[in-house]
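Coordinate inspection notes
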Amino acid sequence: MKPPDAQGYALRDCALFNIQTRKKLAERLLISPSRLKRLTDGRDRYRCWAEPKKNGGFREIEAPLDDLKSVQARISDLLKRVNSPEYLMAPVKGRSYVDNAAAHIGARAFRLLDIEDFFPSCTDKRVFWFFNSVLCCSVDVAATMTRLATRNNHLPQGSPCSPILAFYAYLDMWEMINGIVERGQCRLSVYADDITISGAIIRGSDIWMIKETLYKFGHRYNRDKERAIIGRAANVTGVIVKDNALLLPNRQHKALAQAMRKRTTATSFKERIAIDRQIRGRVAQAEQITRHVEKRAKISTE
């Protein structure tokens, strides 16, 4: 399997590539061999709790303790230095949810898919495969990296290295999916567990093959969140894509207006501070879209 093309920093140039001993691994992770041994001794180094989901139910958060978290953050940083394929939008430095939506400007048809229970379905076997087969680390090193990055046989929700490893542990799957999309003359973007396909026409057979590929690798898509949109505006990761334009969703305009009105009736300093924080966040969202539109317009006139 050939890794995605990159300009400059390829996977083979990653500091985690071709590590053959635990001593060398400790050096690359900027820790001592004794600390590496301690972090992989089998003790549970996580705090866990259930967090409510927006649409009901609960998500288990598995947050690493500080000593493990710092090492996982180092793993994440090293992998994020690798140039990512164009279709990967998150977690990638310099790419945002607005860029994810902008990738589909001008499309007539959209298909939105969401992977269900994404991190729990990313297995330790696939993490081992990535370090051993793609990064060419020894079996011992790949096993050690897997113990550092996973908990109870999966990537934990709450680990700083889980988002980037969720992609690389299934690198071959994503390349297969991208191949299906490109052969259909469409565009793909992946924003964590959100998959967006767009084009002039999206064949049902291609979507079927994409779903089959997800199933083959142990993933399931959320049927309730699947959307098929033709000839009208689409909400892609919170940004409206309409013809050749990016727009802020109406609900965001309404929320900002409501916050502004609420600000005028706030009776306490603490309440005003909280509302101001909310307003700044919503204004920043709108400005991200505006800046992207202005940047795109400037490039088109140069």
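One structure accompanies this document, and this report is about it. (Residues numbered from 1 in each chain as written. Predicted model: local features only at pLDDT ≥ 70, side-chain atom pairs only at ≥ 80, totals over all residues. Heavy atoms only, no water.)

1. Quick notes on the overall build of the protein
Here is the rule: Strands are runs of DSSP state E lasting at least 2 residues, helices are runs of H or I lasting at least 4, and numbering of each runs from the N terminus. Any two residues whose heavy atoms approach within 4.5 Å at even a single point are treated as in contact. Using a 1.4 Å probe, accessible areas were evaluated by the Shrake-Rupley method; residue-level cover was limited to the displayed protein chains.
Helices and strands together make up the secondary structure of the protein, namely 11 helices and 11 strands. Restricting the contact set of the protein to residue pairs at least 6 apart, pairs at least 24 apart contribute 69%. Element-wise, carbon and sulfur atoms account for 50% of the exposed surface of the protein, whose accessible area totals about 16,400 Å².

2. Thoughts on the sheet that holds strand β11 (residues 245-247)
The strands making up a sheet associate through backbone hydrogen bonding, with each pair oriented either parallel or antiparallel. Formally: Strand pairing requires that DSSP identify at least two bridges connecting the strands. Axis lines are fitted to C-alpha atoms, over the contacting stretch for helices. Their N-to-C directions set the angle, which ranges from 0 to 180 degrees.
What the 3 strands build is an open sheet, ordered β9-β10-β11; its pairing is antiparallel. The sheet is open, and its two edges are formed by β9 (234-236) and β11, each paired on a single side. Shown here is a sheet whose adjacent strand axes are inclined to one another by a mean of 35 degrees, direction ignored. Here β9 pairs with strand β10 (residues 239-242) via 3 bridges, running antiparallel. Paired with Asn-235 across the strands is Ile-240, a residue of β10.

3. What about the packing of aromatic side chains?
To be explicit about the condition: Centres within 6.5 Å make a pair out of two Phe, Tyr or Trp rings, where for Trp the six-membered ring is used; the pair is then stacked when the planes are under 30 degrees apart, edge-to-face when over 60, and tilted otherwise. Only protein chains enter the accessibility calculation, which uses a 1.4 Å probe. A residue is then buried if its area is under 20% of the maximum for its type, exposed if over 50%, and partly exposed in between. Two conditions define a charge located above a ring, namely a distance within 6 Å from the ring centre to NZ of Lys or CZ of Arg, and an angle within 35 degrees of the ring normal.
Inspection of the entire model under this criterion finds 8 aromatic pairs. A ring pair is formed by Phe-118 and Phe-119, whose centres lie 5.7 Å apart and whose planes are at 25 degrees; its orientation type is stacked. In this structure, Phe-118 and Phe-119 share a single accessibility class: buried. Relative to Tyr-168, the ring of Phe-130 lies with its centre 5.3 Å away and its plane at 20 degrees, an arrangement referred to as stacked. Here the residue Phe-130 occupies a position in helix α5 (residues 124-134), and Tyr-168 occupies one in helix α7 (residues 162-168), the gap between them amounting to 38 residues. The same class applies to Phe-130 and to Tyr-168, which are both buried. Over the ring of Trp-129 we find Arg-126, and its NZ or CZ is 4.2 Å from the ring centre. Sitting over the ring of Tyr-170, Arg-126 keeps its end group 5.1 Å from the ring centre.

4. Observations regarding the nonpolar core
When a protein is soluble and globular, its nonpolar side chains tend to lie buried together. Our working definition: Throughout, nonpolar core names a set of buried Ala, Val, Leu, Ile, Met, Phe, Trp, Tyr and Cys residues whose side chains join them through atoms within 4.5 Å.
Counting 65 residues, the largest nonpolar core has Leu-16, Leu-29, Leu-79, Phe-130, Trp-174 and Ile-197 as its most contacted members. Residues in contact with Leu-29, not counting those within four places in the same chain, are Leu-16, Leu-36, Val-71, Arg-74, Ile-75, Met-145 and Leu-148. Counting residues in each nonpolar core, the second largest holds 16 residues, with Val-98, Val-236, Val-239 and Ile-289 among its members.

5. Describing the layout of surface pockets
Rule in force here: Cavity and pocket criteria rest on a 1 Å grid covering protein atoms alone: a 1.4 Å probe that fits but cannot get out defines a cavity, protein on both sides within 12 Å along at least 5 of 7 lines defines an open pocket, and an atom within 4 Å of a point defines a lining residue. Grid points are joined across faces, edges and corners, and a volume is the space filled by probe spheres set on the points. Classification convention: Asp, Glu, Lys, Arg as charged; Ala, Val, Leu, Ile, Met, Phe, Trp, Tyr, Cys, Pro as nonpolar; all other residues, Gly among them, as polar.
Of the volumes computed, that of the largest pocket is approximately 1,700 Å³. What lines the largest pocket is a set of 49 residues, among which Arg-59, Asp-114, Asp-193, Asp-194 and Lys-225 lie closest to the centre. If you tally residues by element for the lining of the largest pocket, the top one is strand β4 (residues 109-116), at 5 residues. For the lining of the largest pocket, a count of residues per class yields 23 nonpolar, 11 polar and 15 charged.

6. Looking at helix α6 (residues 139-149)
Each α-helix winds once per 3.6 residues, and so residues spaced three or four apart point in a common direction. Turning to α6, its buried residues number three or more, namely Val-141, Ala-142, Thr-144, Met-145, Thr-146, Leu-148 and Ala-149. On the buried face of α6, the contacting elements are α1 (22-28), α2 (33-39), β1 (46-52), α3 (66-80), α5 and α7.

It is worth stressing that arrangement in space is one thing and function is another; only the former is reported here.
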